[in-house]
Amino acid sequence: MIASECQLTVNPHDRVLSKSELAEAASDVDGLLCQLTDIIDAELLDKMPRLRIVANCAVGYDNIDIAACTKRNIAVSNTPDVLTDTTADLTWALLLAAARRLVEADRYVREGKFKSWSPMLLLGHDIYQKVLGIIGLGRIGSAVARRAAAFNMPVIYYAKKRKSAEEENRLNVEYRPFDCLLKEADFISLHVPLNEHTRHLISKKELELMKPGAYLINTSRGPVVDEKALVRALRNNDLAGAALDVYEYEPQIAPGLTDMVNATLTPHIGSATVETRTRMAVMAAKNILAGLKGEKVPNLVNWEMENKL
Ligand code: GLV
């Protein structure tokens, strides 16, 4: 799509470019289609004087300094909606995998340890009728909540802005203040964007408030959880388990985390299906083409740029 209308340069490596490589390769571009692994900050923007649009191929855009873009009259877009259900599905896959010890069980079979059915073999915990706590009830959090009905789980949620009574009824969710949710939920799933308010939202104090047998699931952004504190909690069996798709210092994993059998770990694959990644790519391409033509950018993040392109 892009090559048919523009002169296109693609990162030739199957890896993330360093900041200096990106600055050099993209110094004279008008548009940049990037991934969440590309850090787009003021220093980089200063080396790209022609830039008019940054199209992130992700719904989260914490990798981009939005204020710095707006200040330079650069539009920023993301890829919302198309990945909502896919990410909610992975959240449930992780929840189920953690509760029913799926990864351990798979390893057990592969290692030739399955000699006989046994009444105490790999006992997990039920999920039905357990309380699901959702932190952040946006698009993905709501899609996770909708799926809970199929598992007969009551859902409580905390969000910065409480939903209307109609919306709560429609989703069959009950609001709780943050600390109350931490104390009450058997499974806690995080669905907040990463920003200065949500960095380390779940740290030592919050982990201590959680039920001893609770599970933490994170498919949002790694730095929302203090990973060091989480490792400590898992090591002490303060929690039953954690299931993580994202990490504080991605792709590095906190020391000790991979040793924990009560941690289920996937490599940031929330939206990783053929269908969804295709939709995200097409959406990002449409955004960048609109921006370059001075048309309305369908998924503009910095609304101040609305009529400025
Ligand atoms: C993935 O993490 C995304 O933000 O799209």
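The sections below set out a description of the structure shown in this document. (Residues numbered from 1 in each chain as written. Predicted model: local features only at pLDDT ≥ 70, side-chain atom pairs only at ≥ 80, totals over all residues. Heavy atoms only, no water.)

Look at helix 4 (residues 84–99) against helix 6 (residues 139–148): their axes get within 8 Å of each other, and the N-to-C directions meet at 55 degrees. Taken together, the axis directions place helix 4 and helix 6 in an arrangement best described as oblique. The two elements helix 4 and helix 6 cross, and the hand of that crossing is right-handed. Residues Thr84, Asp85, Thr87, Ala88, Asp89, Thr91 and Trp92 of helix 4 lie in contact with helix 6, whose contacting residues are Arg139, Ile140, Ala143, Val144, Arg147 and Ala148. Split into classes, the residues belonging to the contact of helix 4 with helix 6 amount to six nonpolar, three polar and four charged. (Axes fitted to C-alpha atoms, helices over the stretch in contact; angles between N-to-C directions. Helix = DSSP H or I, 4+ residues; strand = E, 2+ residues; numbered from the N terminus. Parallel < 35°, antiparallel > 145°, perpendicular 65-115°, else oblique. Left-handed = near helix turned anticlockwise from the far one by under 90°. Contact = heavy atoms within 4.5 Å. Nonpolar A, V, L, I, M, F, W, Y, C, P; charged D, E, K, R; others polar.)

In this section: the environment of Leu289. Summarising the element assignment, Leu289 is placed in helix 11 (residues 274–293). Using a relative accessible area of 8% as the deciding quantity, one classes Leu289 as buried. Once the C-alpha coordinates of Leu289 and Ile2 are considered, the two residues, 287 residues apart in sequence, prove to be 6.9 Å apart. Non-local contacts of Leu289, meaning those with residues more than four positions away in its chain, are made with Met1, Ile2, Glu5 and Cys6. (Buried < 20%, exposed > 50% of the residue type's maximum accessible area, 1.4 Å probe, protein only.)

Let us look at the sheet that holds strand 3 (residues 75–77). A sheet is described by the order of its strands in space; here three strands give the open sequence 1-2-3, paired in parallel fashion. Of all the strands in the sheet, just strand 1 (31–34) and strand 3 have a single pairing partner and so form its edges. Neighbouring strand axes in the sheet, compared pairwise and without regard to direction, differ in orientation by 10 degrees on average. Of the strand pairs in this sheet, strand 1 and strand 2 (residues 53–56) are connected by four bridges, and their pairing is parallel. Bridge assignment links Gly31 to a residue of strand 2, and that residue is Ile53. Packing of helix 11 onto the sheet brings it into contact with strand 1, strand 2 and strand 3, and relative to strand 2 it is tilted by some 170 degrees. (Pairing = 2+ DSSP bridges.)

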